[in-house]
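# Survey of secondary and tertiary structure
Spelled out, the chains give:
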Amino acid sequence: METPYGLAEPVIGKLANREIVFMSRHGRNHATPPHLVNYRANIWAIHELGVRKVLATAAVGSLSSNFQLGELVLLDQFLDFTKNRPQTFYEGGLKGVLHVDMTEPYCSSARMVILEASEQLGLSVKNGACYACTEGPRFETPAEIRMFQRLGADLVGMTSVPEVVLARELGMCYASIGMVTNEAAGIATHPLSHAEVMESMKELEVKVAQLVQATFKLWTPDQNCLCALGNREVGKF
Ligand code: HPA
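Source: prediction; values computed, not measured.

Evaluated as defined, the whole model comprises 0 disulfides. The closest cysteine sulfur to the non-disulfide-bonded C133 is located on C130, 11 Å from its own sulfur. Relative accessible area serves as the criterion here: at 0%, C133 is assigned to the buried category. Unpaired in this structure, C225 has its nearest cysteine sulfur neighbour in C173, at a distance of 3.3 Å.

Bringing the site of the ligand into the picture now. Around the ligand, the neighbouring residues are A59, V60, G61, F139, E140, V156, G157, M158, T181, N182, L192 and V197. At 2.8 Å from a nitrogen atom of the ligand is found a side-chain nitrogen or oxygen belonging to E140. Between the ligand and N182, the relevant distance is 2.6 Å, taken from a nitrogen atom to a side-chain nitrogen or oxygen of the residue. Relative to its free-state accessible area of 260 Å², the ligand is covered by the protein chains to the extent of 95%. Of all the secondary structure elements, the ones that give two or more residues to the shell around the ligand are β5 (53-62), β10 (155-157) and β11 (173-183). By residue number, the principal contributor to the shell around the ligand is β5, which donates 3 residues. The class makeup of the residues in the shell around the ligand is 7 nonpolar, 4 polar and 1 charged.

What follows deals with the sheet that holds strand β7 (residues 77-81). Sheet strands associate in pairs through backbone hydrogen bonding, adopting either a parallel or an antiparallel arrangement. Pairing in this open sheet of 7 strands is mixed, and the strands run β7-β9-β10-β5-β11-β6-β8 from one edge to the other. The open sheet has two edge strands, β7 and β8 (125-127), and neither has a second partner. Looking at each pair of strands side by side, their axes are set apart by 35 degrees on average, direction ignored. Bridging between β5 and β11 involves 10 bridges; their strand directions are parallel. The residue of β11 that forms the bridge with V60 is V180. Together, β5, β6 (72-74), β8 and β11 form the strand contacts of helix α2 (residues 108-121), whose direction differs from that of β8 by roughly 155 degrees.

We now examine the packing of helix α1 (residues 39-48) against helix α4 (residues 160-169). With their axes 9 Å apart at the nearest point, α1 and α4 run at an angle of 35 degrees to one another. Handedness of the crossing formed by α1 with α4: right-handed. Where α1 approaches α4, its residues Y39, R40 and I43 are matched on the opposing element by P162, E163, L166 and A167. When its residues are assigned to classes, the contact of α1 with α4 shows 5 nonpolar, no polar and 2 charged.

Rules used throughout
- Residues numbered from 1 in each chain as written.
- Predicted model: local features only at pLDDT ≥ 70, side-chain atom pairs only at ≥ 80, totals over all residues.
- Heavy atoms only, no water.
- Disulfide = S-S within 2.5 Å.
- Buried < 20%, exposed > 50% of the residue type's maximum accessible area, 1.4 Å probe, protein only.
- Near = heavy atom within 4 Å.
- Polar contact = N/O pair within 3.5 Å; in protein donor to acceptor, adjacent residues only side chain to side chain.
- Areas by Shrake-Rupley, 256 points an atom, 1.4 Å probe, with all protein chains shown as cover.
- Helix = DSSP H or I, 4+ residues; strand = E, 2+ residues; numbered from the N terminus.
- Nonpolar A, V, L, I, M, F, W, Y, C, P; charged D, E, K, R; others polar.
- Pairing = 2+ DSSP bridges.
- Axes fitted to C-alpha atoms, helices over the stretch in contact; angles between N-to-C directions.
- Contact = heavy atoms within 4.5 Å.
- Left-handed = near helix turned anticlockwise from the far one by under 90°.

Set out below in structure tokens:
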């Protein structure tokens, strides 16, 4: 799909008897690294297709013994350590200026629906973790991980920002299921590798697919939260 920000490749299909759009942020075969994902094109495209609720997944490293390898965790806050990513659709001039509210970056009513789905499945899902987003694509140094811990982060990853911000700018609900794939650098007693992360993702794949499907069965199109009002001050898009 053409967007003002470049091409995006949404896949339209059906899940739980609902029409849905699937967007693979890293592309087919994981060919796009996190710092080169075209977040604006992806979010713009799904919004154009009529999407108003986004359920994201994200591989995360754990900074805390509260979040163990193989656990699923719903993000509720983020710390942004990205360096070089366009973060907004509102670039001034005719596009307007928006200082979007991030008091509750991840939709809490969406999180409630995911939790309800997890209970139906008898699947353990933790609600609430602070995600530090790094620029990547390298992993962190142990010193950076210690800094993130002191700042209050629980998990670390490379993709949730600016995705969650852009979704809010267009008034979409956005929730993210963190999949704990590894202990963060310096907590793990071995060097980190992409293979380790991919292997853990593979093990979590079935659980996450069940959770996504059960969530879509319960999710209704109406937005009974404040996310849709995220851009009310300018409301351009
Ligand atoms: N660091 C950054 N991103 C990640 C990690 C990590 O340890 N694990 C999965 N994504």
